[in-house]
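Chain and residue survey
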Amino acid sequence: MGLLDILLGRTKPVAPDLDQLFALPSAAITLEAAAGFTPTGGGAVCFATVEGAAFEQTHREVQALLDADAERAGPPVELRQDDYGYSWLVSQRTPDQLPQLVNDLHAVNSSMEVNGFGPQLLCSLAGFRDDSGRSLALVYLYKRGTFYPFAPRPGGAQRRDNALELQIKAALASDLRIEQDLSRWFPVWGAPGL
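By the definition in use, this model includes three aromatic pairs. Judged by centre distance (5.1 Å) and plane angle (55°), the rings of Y140 and F147 are tilted. Taking the relative accessible area as the measure of exposure, F147 reaches 0% and is therefore buried. Arranged with centres 6.0 Å apart and planes meeting at 20°, the rings of Y148 and W185 form a pair that is stacked. Placement of the pair is Y148 in strand β6 (residues 146-150) and W185 in the segment after α5 (162-171), with a sequence separation of 37 residues.

The subject of this paragraph is helix α2 (residues 24-35). The first and last C-alpha atoms of α2 sit 15 Å apart over 12 residues, in line with the 16 Å expected at 1.5 Å per residue. Looking only at α2, the buried set comprises L24, A27, A28, L31 and A35. Buried residues of α2, seen end-on, are gathered within an arc of 110° and therefore sit on one face of the element. Across from the buried face of α2, at angles greater than 90 degrees, the exposed residues are I29 and A33. Those residues of α2 that are buried lie in contact with β1 (38-48), α4 (98-114), β4 (121-129), β5 (135-141), β6 and α5.

Conventions and cut-offs
Residues numbered from 1 in each chain as written. Predicted model: local features only at pLDDT ≥ 70, side-chain atom pairs only at ≥ 80, totals over all residues. Heavy atoms only, no water. Phe/Tyr/Trp six-rings, centres within 6.5 Å; stacked < 30°, edge-to-face > 60°. Buried < 20%, exposed > 50% of the residue type's maximum accessible area, 1.4 Å probe, protein only. Helix = DSSP H or I, 4+ residues; strand = E, 2+ residues; numbered from the N terminus. Expected span 1.5 Å × (residues − 1). Arc of directions from axis to C-beta. Contact = heavy atoms within 4.5 Å.

Written as structure tokens, this is what we have:
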């Protein structure tokens, strides 16, 4: 970054650091102790939908790799589209298999990045729930290399529990690289894996 960039307020984008995903299992321990949330076993990677044979080949390779895991219990990895036109590669593990879920999320992101589809990657998330049934996602922003909590309010309305999100932000500040710009805490309504 040059002097002109500094003077004009331009910054270089943060390079994605997929290894940040491996901090999720230890953050889950803090999350359970601080707020009573435990992993659901669900997680997903969101990306802009891409057409073409190269992308289809990458998708098939990733899905075959994850489905080949002999320890996988439950449904195979599946591709879903949301109401906004984004694609989600969804992995479901048992709640005690958060490290394996993180490996799945990392593998999907890495494979897409290696095959030239990094610019299409948007976020990854892991789902959590507390004893009262409240949902929470820890969302990793691929292009920022940071996490943020997303806590939808129970019921059908698209409303967030902002107080809970800020509580989780404070609790996990030493475990995860938290996104400080709250305007980048995008809602992921109806996200599979949540």
